[in-house]
Amino acid sequence: MFLTKSRITEPVALALAMSLAAPAAAQAVVQSEVVVRYVSTRGLDLANPTDVKQLRRRVEMAVTKICGVSSQADLLGGTLIDNCRRMAARSAEPQIAARIQRDTEYAAARTARPVG
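Residues numbered from 1 in each chain as written. Predicted model: local features only at pLDDT ≥ 70, side-chain atom pairs only at ≥ 80, totals over all residues. Heavy atoms only, no water.

Asks: Tell me about the nonpolar core, residues and numbers included.
Replies: Soluble globular proteins tend to bury their nonpolar side chains together. Core analysis: the biggest nonpolar cluster contains 15 residues, and Leu-55, Val-59 and Cys-67 have the highest contact counts within it. Elements represented by at least two residues in this core include exactly strand S2 (27-40), helix H1 (49-67) and helix H2 (75-112). If you tally residues by element for this core, the top one is H1, at seven residues. (Core = buried A, V, L, I, M, F, W, Y, C linked by side-chain atoms within 4.5 Å. Buried < 20%, exposed > 50% of the residue type's maximum accessible area, 1.4 Å probe, protein only. Helix = DSSP H or I, 4+ residues; strand = E, 2+ residues; numbered from the N terminus.)

Listed below in structure tokens is the structure:
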């Protein structure tokens, strides 16, 4: 879990083990590296569907920075990029869901408090 100063600054982290194929001596050698990109939730109320869409756009931009954009001109590279994008998006999903639940519960508790 990430240590944070406040609720609104908690990031969503995309942790991704990327596999990059590199030709070597007529064989494909697979190199792996872990890439982590932090996506800010600052200014977002994830109890609000519009803000959830904004977070998903931020995650999509981070995925693109990590993995790139696939091209039909390079089928092997495109396949690796598509796999990278799927894995990255999948790695963020549990964190997104947890933050949506937390913000929704926070909003419900805030509105349930008696005034006075």
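Asks: I'd like a description of H1, backed by residues and values.
Replies: Compared with the 27 Å implied by 1.5 Å per residue over 19 residues, the 27 Å span of H1 between its first and last C-alpha is a close match. Among all positions in H1, only Asp-51, Val-52, Leu-55, Val-59, Ala-62, Val-63, Ile-66 and Cys-67 are buried. Viewed along the axis of H1, the buried residues span an arc of 140°, placing them on a single side of the element. In H1, the exposed positions that point more than 90 degrees away from the buried face belong to Thr-50, Lys-53, Met-61 and Lys-65. Two or three places before Thr-50, at the opening of H1, Asn-48 has a side-chain oxygen 2.8 Å from that residue's backbone nitrogen. Positioned one or two residues after H1, Gly-68 has a phi angle of 90°, which is positive. (Expected span 1.5 Å × (residues − 1). Arc of directions from axis to C-beta. Polar contact = N/O pair within 3.5 Å; in protein donor to acceptor, adjacent residues only side chain to side chain.)

Asks: Any chance you could break down the packing of H1 against H2 for me, citing the residues and the numbers?
Replies: Two numbers describe how H1 lies on H2: the axes approach to 10 Å, and their chain directions differ by 150°. Once H1 is placed against H2, the crossing between them reads as right-handed. Listed contacts from H2 to Val-52, Leu-55, Arg-56, Val-59, Glu-60, Val-63, Thr-64, Ile-66 and Cys-67 of H1 are Ile-81, Cys-84, Arg-85, Ala-88, Ala-89, Ala-92, Glu-93, Ile-96 and Ile-100. Here the residues of the contact of H1 with H2 are counted per class, giving 13 nonpolar, one polar and four charged. (Axes fitted to C-alpha atoms, helices over the stretch in contact; angles between N-to-C directions. Left-handed = near helix turned anticlockwise from the far one by under 90°. Contact = heavy atoms within 4.5 Å. Nonpolar A, V, L, I, M, F, W, Y, C, P; charged D, E, K, R; others polar.)

Asks: Explain H2 to me, and be specific about the residues and the numbers.
Replies: For H2, with 38 residues, the first-to-last C-alpha span of 54 Å sits near the 56 Å given by 1.5 Å per residue. Approximately 30° is the largest bend angle found in H2, and it occurs at Glu-93, with the proline Pro-94 only one to four residues beyond. (Bend = angle between axes of the 7 residues up to and from the residue.)

Asks: Break down the confidence of the model for the protein for me, citing the residues and quoting the values.
Replies: One rule of thumb: low pLDDT means the predicted coordinates there are not for detailed reading. Put simply, the protein has an average pLDDT of 76, and 70% of its residues get 70 or more. Element-level pLDDT for the protein is lowest in strand S1 (residues 11-24), with a mean of 49, against a maximum mean of 94 in H1. Low pLDDT (under 50) marks residues 1-9, which in the prediction has 18 contacts with non-local residues, meaning those over four places away or in another chain. Considering only residues more than four positions removed or in separate chains, one finds that residues 17-29, a stretch of pLDDT under 50, has 24 contacts. (pLDDT = per-residue confidence, 0-100.)

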